[in-house]
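Residue-level structure breakdown
As a plain string of letters, each chain reads:
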Amino acid sequence: MEKPCSLLVHFDKGSASMANEIKADLEGSDGPAKADAMRRAISLLLNGETLPQLFITIVRYVLPSEDHTVQKLLLLYLEIIDRRDPAGRALPEMILICQNLRNNLQSPNEYIRGVTLRFLCRLSEPEVLEPLVPSVLANLEHRHQFIRRHAVSAVSAIYRLPHGDQLIPDAPELVERFLASEQDASARRNAFLMLCACAQDRAVAYLLSNADRVAEWPDLLQMAVVDLIRKVCRSQNRANKGRYITIITSLLSATSTAVVYECAGALVSLSSAPTAVRAAANTYCQLLSSQSDNNVKLILLDRLNELRTLHRDVMVGVVMDVLRALASPNLDVKRKVLDLVLDLLTPRNVEEVVLYLKKEVVKTQAGDLEKGGEYRQMLVQAIHACAVEYPEVAGSVVHLLMDFLGDTNVAAAVDVVLFVREIIETNPKLRVSMIQRLIDTFYQIRASRVCSCALWILGEYSLSLSEVESTIATIKQCLGDLPFYTVSDEGEVTDSTNSAQAVVNTVTVSSRRPVVLADGTYATQSAATETISAPSVAHGSLASTLNLRSLILSGDFFLAAVVACTLTKLVLRLEEVQPSKVESNKACTGALLIMTSILQLGQSSYLPHPIDNDSYDRIVLCLRLLCNTGDDVRKIWLHSCRQSFAKMLAEKQFRETEEMKAKAQISHAQPDDLIDFYHLKSRKGMSQLELEDEVHDDLKAATGGFTKDADDANKLNRILQLTGFSDPVYAEAFVTVHHYDIVLDVTVINRTKETLQNLCLELATMGDLKLVDRPQNYTLAPESSKQIRANIKVSSTETGVIFGNIVYETSNVMERSVVVLNDIHIDIMDYISPATCADVTFRNMWAEFEWENKVICFSVHCSCEVSLNCSLLYDQCYSSM
């Protein structure tokens, strides 16, 4: 059976030492050889060997040694050996070392005294400790601080033993006097911690009597003060809460960042007054800007996010301070900062926030930032969210963002064009300027998906005569000369464009592989992979404007279908706004020529792959529509599409509004709760912060703020019975799941009339669960209970099982008794929490996920990767574009 261990030493199993060799070295007079033998003995003991014959040898030959290294190794040896017999009593041999320990405690060497006192902190045998108590107490007054700090630790450890109050009955009084006169920081901290654990009233009295000098104490003692205040206030003792708040506030200006961080958290847990919350938020923001460690920044942002959920009104005032953390080069920090800021937007600060984000977008153009494209994408998404919630700020940023439609980072460019599409619908005043800017920058777009969305915007929102004509001219310019290819006299197929350098290289790799169907049979799966490289031309040349031509010649016929639909809409609208019938017919003829050229290209051998059926049918539909137009069809093409988009945006906004209402649940007080009248209270000697704290405590009591969030009935559902009611030991477990950590709080009850010795909870796991540490042995009195905690780590999202038993011994039965426990099933849903994800983000994650059987989506226009068990329809891809 495994036992608890307080010492870990590396051990090479290939160089095991025999007990006889160790014994021979220990009996010698060579100090280094004796020390090496002690090290080998300790290594063997830590790895499961017993070596019972060495104890007497060590008592005879090692105890008298004056070598400091040997003496330290001796204490380590005494720490790890089994000092009790099977009945739980101290071994008689342990009495032999008492005189040696007493001599060490009175040694003139400070190091020997210190390590011996540190060793006594790990002893739990009263028979050994009792004769050493006078020497331990005498070391409290030693001249050296190294001795005093370990002496007070030894007193604390002895007093906290089960019968420690009988060994040192006046330990709290001694430590309190020691604390009043001590100057060493570590010794004072150890003494204060002893009072906090064993005599909390004395620790509180000492703290309140020295409240004015707490800010001058060393940081070690200040951390102990913060822990004490947390513990006292958690026990619902609110008598001196105002004084505690004053102490915590004074520590916010401490020199130690750890103390400042802990004080900010303690201040929020103590008080919900706006002044206290604001002070804590400012402290977190100062640490956020001063600390360079990214992990520290992430932790601070988590604390600020917790403040945002409880005190949003106060956190609104520190938005700009939080934004300064965008200077961090880490993307995770930037993402958390933006998420936090977007939740703190108000009409008052939205302009400042958008202006700051706008400056950050400009900085990303420098190219000095690492992963600047991803950061620009996050900024675009943040500005998009700001503009959707507060449309009045869209005009100040939309024209700047439209310069990034041709960004080399396709994801950032897609976010920009989606932002433009939504803003142009929700802000009618900006439509004219946005359409003109989109026409001017359209030739810069190089991504197919961005081109598709931009063409849809131009087709839907080009309303005036000049806009329609400019859009048609821009599309024709980006398509270049027609036809798309020519056949020379020698039979060679060449691009008809004069710019030969604009030819796009297309590499096509076809593959055929067997796949396993759902019924277990085999089928042949074909897939084609296209690698498209954009033409390398100088910016501003003729070929640089042929973005649509380059994409279509690479085989993107979905984009060609979008071009046909856009031209159809533009021609239909031109017939309404153009008084000249000749010009309308001329534009219609040009559109028909472009569509027929695309169909001719798709059915030719110029490209490795022909046009797909869906794109072909869509272009043919546009041809027929332009040749024979009806009023109903005209209404559908010119009005219904935009109405559907507006309806989708309205439903999205309604859904977000409902989610916000669901989150803003207000708790109510019970009818018989006590009501305090603030104006009838005495204000004598109270600071402004204490007054605000009293007011907010009353408000929280009146609105049910002090009620527990979790229902007791839900807690009862998580209690699992592990043994039967007729078993001698009854056990039940309360399971707490937090992310990937599972905590089992097991209550064990001795239902017999006998004392159970060496009671141990033995657990094992099945699946991807790992027991972090094994519970230690306990002695359970008749009809008493014990709380045992076990920590389990989850390594993957799979269902696991925890099983085990309880093993114990009794004085009447020589053999050990075993009670088998019921299995605990850990479901995957216990540590998976629901979350929402945008469609674009989901598609990106779907494409990046490494599926077991990965193939390419068969639609030429779609760049997502799907698994063989996924039926991604063409219509879904088509509608998403």
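Residues numbered from 1 in each chain as written. Predicted model: local features only at pLDDT ≥ 70, side-chain atom pairs only at ≥ 80, totals over all residues. Heavy atoms only, no water.

Broken down by element type, the protein carries 37 helices and 16 strands. Counting only residues that meet the buried cut, the protein has 43% of its 881 residues in that class. Residue pairs in contact within the protein that sit at least 24 positions apart in sequence constitute 64% of those at least 6 positions apart. By element, 52% of the accessible surface of the protein is carried by carbon and sulfur atoms, the whole surface being about 46,600 Å². (Helix = DSSP H or I, 4+ residues; strand = E, 2+ residues; numbered from the N terminus. Buried < 20%, exposed > 50% of the residue type's maximum accessible area, 1.4 Å probe, protein only. Contact = heavy atoms within 4.5 Å. Areas by Shrake-Rupley, 256 points an atom, 1.4 Å probe, with all protein chains shown as cover.)

Moving on, we come to helix α27 (residues 448–461). Helical geometry note: an α-helix holds 3.6 residues per turn, so side chains three or four residues apart project in the same direction. In this model α27 runs 20 Å from its N-terminal to its C-terminal C-alpha over 14 residues, within 8% of the 20 Å that 1.5 Å per residue would give. Most of α27 is tucked away: 12 of the 14 residues are buried. Those residues of α27 that sit buried are S448, V450, C451, S452, C453, A454, L455, I457, L458, G459, E460 and Y461. (Expected span 1.5 Å × (residues − 1).)

Our focus in this paragraph is helix α11 (residues 171–181). Listed as buried for α11 are A171, P172, L174, V175, F178 and L179. For α11, the angular spread of the buried residues around the axis is 160°, confining them to a single face. Of the exposed residues in α11, those oriented more than 90 degrees away from the buried face are R177, A180 and S181. Of the surrounding elements, those touching the buried residues of α11 are α8 (133–138), α9 (145–159), α12 (185–198) and α13 (200–209). (Arc of directions from axis to C-beta.)

This next bit is on the pattern of salt bridges. According to the stated counting rule, one finds 25 salt bridges in the structure shown. The partner of R148 in a salt bridge is E182, with the nearest N and O atoms 2.8 Å apart. Remark: E182 occurs in the loop between α11 and α12 and R148 occurs in helix α9; sequence separation between them is 34 residues. In this structure, R148 and E182 share a single accessibility class: buried. Put simply, D302 and K336 hold a salt bridge, and the shortest N to O gap is 2.4 Å. In this pair, D302 sits in helix α18 (residues 294–310) while K336 sits in helix α21 (residues 331–342), placing the two residues 34 residues apart along the sequence. For D302, a relative accessible area of 30% puts it in the partly exposed group. (Salt bridge = Lys/Arg side-chain N within 4 Å of Asp/Glu carboxyl O.)

Strand order in the open sheet formed by 5 strands is β5-β6-β7-β11-β9, with antiparallel pairing between adjacent strands. With partners counted over all chains shown, the strands left at the sheet margins are β5 (719–721) and β9 (769–771), one partner each. If you compare each strand with its neighbour and ignore which way they point, the axes differ by 30° on average. One ladder, built from 3 bridges, connects β5 with strand β6 (residues 729–738); its direction is antiparallel. Among the inter-strand pairings, L720 is bridged to a residue of β6, identified as A733. (Pairing = 2+ DSSP bridges. Axes fitted to C-alpha atoms, helices over the stretch in contact; angles between N-to-C directions.)

To continue, consider the pairing of β6. Bridge analysis of β6 against strand β7 (residues 741–750) gives 10 bridges, and the strand direction is antiparallel. What sits directly across from T736, in β7, is V743.

Orientation of helix α2 (residues 31–46) relative to helix α4 (residues 68–80), taken along the N-to-C sense of each, is 20°, at an axis distance of 9 Å. If you check the angle between α2 and α4, you find them roughly parallel. Crossing of α2 against α4: the hand is left-handed. On α4, the residues that touch G31, K34, A35, M38, R39, I42, L45 and L46 of α2 are T69, V70, L73, L74, L76, Y77 and I80. (Parallel < 35°, antiparallel > 145°, perpendicular 65-115°, else oblique. Left-handed = near helix turned anticlockwise from the far one by under 90°.)

Moving on to the nonpolar core. With 214 residues, the main nonpolar core has Y77, L120, F192, L304, L357 and L548 as its most contacted residues. The element best represented in this core is helix α30 (residues 557–577), accounting for 14 residues. Among residues more than four places away in sequence, those in contact with L304 are A281, Y284, C285, L288, M315, V322 and L340. In terms of nonpolar packing, the next biggest core, distinct from the first, is built from 28 residues, A731, I742, I792 and I826 among them. (Core = buried A, V, L, I, M, F, W, Y, C linked by side-chain atoms within 4.5 Å.)

With respect to the helices and strands, Y443 occurs in the loop between α26 (431–441) and α27. Separated by 35 residues in sequence, Y443 and C478 place their C-alpha atoms 6.5 Å apart.

The subject of this paragraph is unusual backbone geometry. A positive phi is found at N758, a non-glycine position, where the angle reads about 50°. For N758, the location among the structural elements is in strand β8 (residues 756–766). N758 sits in the partly exposed class, given a relative accessible area of 25%. Although it is not a glycine, E783 sits at a positive phi angle of roughly 55°. Inspection of the secondary structure puts E783 in the loop between β10 (778–780) and β11 (785–794).

On to the packing of aromatic side chains, then. Applying the stated criterion across every chain yields a total of 6 aromatic pairs. Both rings, one in W456 and one in Y461, keep their centres 6.1 Å apart while their planes meet at 75°; by these two values the pair is edge-to-face. Taking the centre distance of 5.3 Å and the plane angle of 70° together, the rings of W456 and F645 count as edge-to-face. With a gap of 189 residues between them, W456 in helix α27 and F645 in helix α33 (residues 631–663) connect regions that are remote in the sequence. Residue W456 is classed as partly exposed on the basis of its relative accessible area, which comes to 22%. On the accessibility criterion, F645 (6% relative accessible area) is buried. Of the aromatic side chains, those joined through ring pairs into one cluster are F192, Y206 and W217. (Phe/Tyr/Trp six-rings, centres within 6.5 Å; stacked < 30°, edge-to-face > 60°.)

The next point concerns the side chain of K334. Along the polypeptide, K334 turns up in helix α21. In this structure the side chain of K334 is engaged in a polar contact, spanning 2.8 Å, whose partner is the backbone oxygen of S328. (Polar contact = N/O pair within 3.5 Å; in protein donor to acceptor, adjacent residues only side chain to side chain.)

It is worth spelling out the confidence of the model for the protein at this point. When pLDDT is averaged across the protein, the result is 78; 79% of the residues are at 70 or more. At the level of individual helices and strands, the protein shows its lowest average pLDDT in helix α37 (residues 874–880), which scores 36, and its highest in α9, which scores 92. Segment residues 524–543: pLDDT under 50, and 48 contacts once partners within four positions in sequence are set aside and those in other chains are kept. In this model residues 852–881 is a low-confidence stretch, pLDDT under 50, and it forms 61 contacts with partners more than four residues away in sequence or in other chains. (pLDDT = per-residue confidence, 0-100.)

This next bit is on the environment of I719. Note that I719 resides in strand β5. With 17 residues separating them in the primary sequence, I719 and T736 have C-alpha atoms 9.6 Å apart. Contact partners of I719, with chain neighbours within four places excluded, come to E732, A733 and F734.

Moving on to the packing of helix α17 (residues 274–290) against α18. Orientation of α17 relative to α18, taken along the N-to-C sense of each, is 160°, at an axis distance of 9 Å. Between α17 and α18, the angle is such that the two are roughly antiparallel. Relative to α18, the crossing made by α17 is left-handed. Residues V277, A281, Y284, C285, L287 and L288 of α17 touch α18, and the partners they reach there are K297, L300, L301, R303, L304 and L307. Taken together, the residues that form the contact of α17 with α18 break down as 10 nonpolar, no polar and 2 charged. (Nonpolar A, V, L, I, M, F, W, Y, C, P; charged D, E, K, R; others polar.)

Structurally, L267 can be placed in helix α16 (residues 257–270). A sequence separation of 10 residues divides L267 from V277, and the C-alpha atoms of the two residues are 7.5 Å apart. Apart from residues no more than four positions distant in its own chain, L267 is found in contact with I245, I248, T249, L252, A276, A279 and A280.

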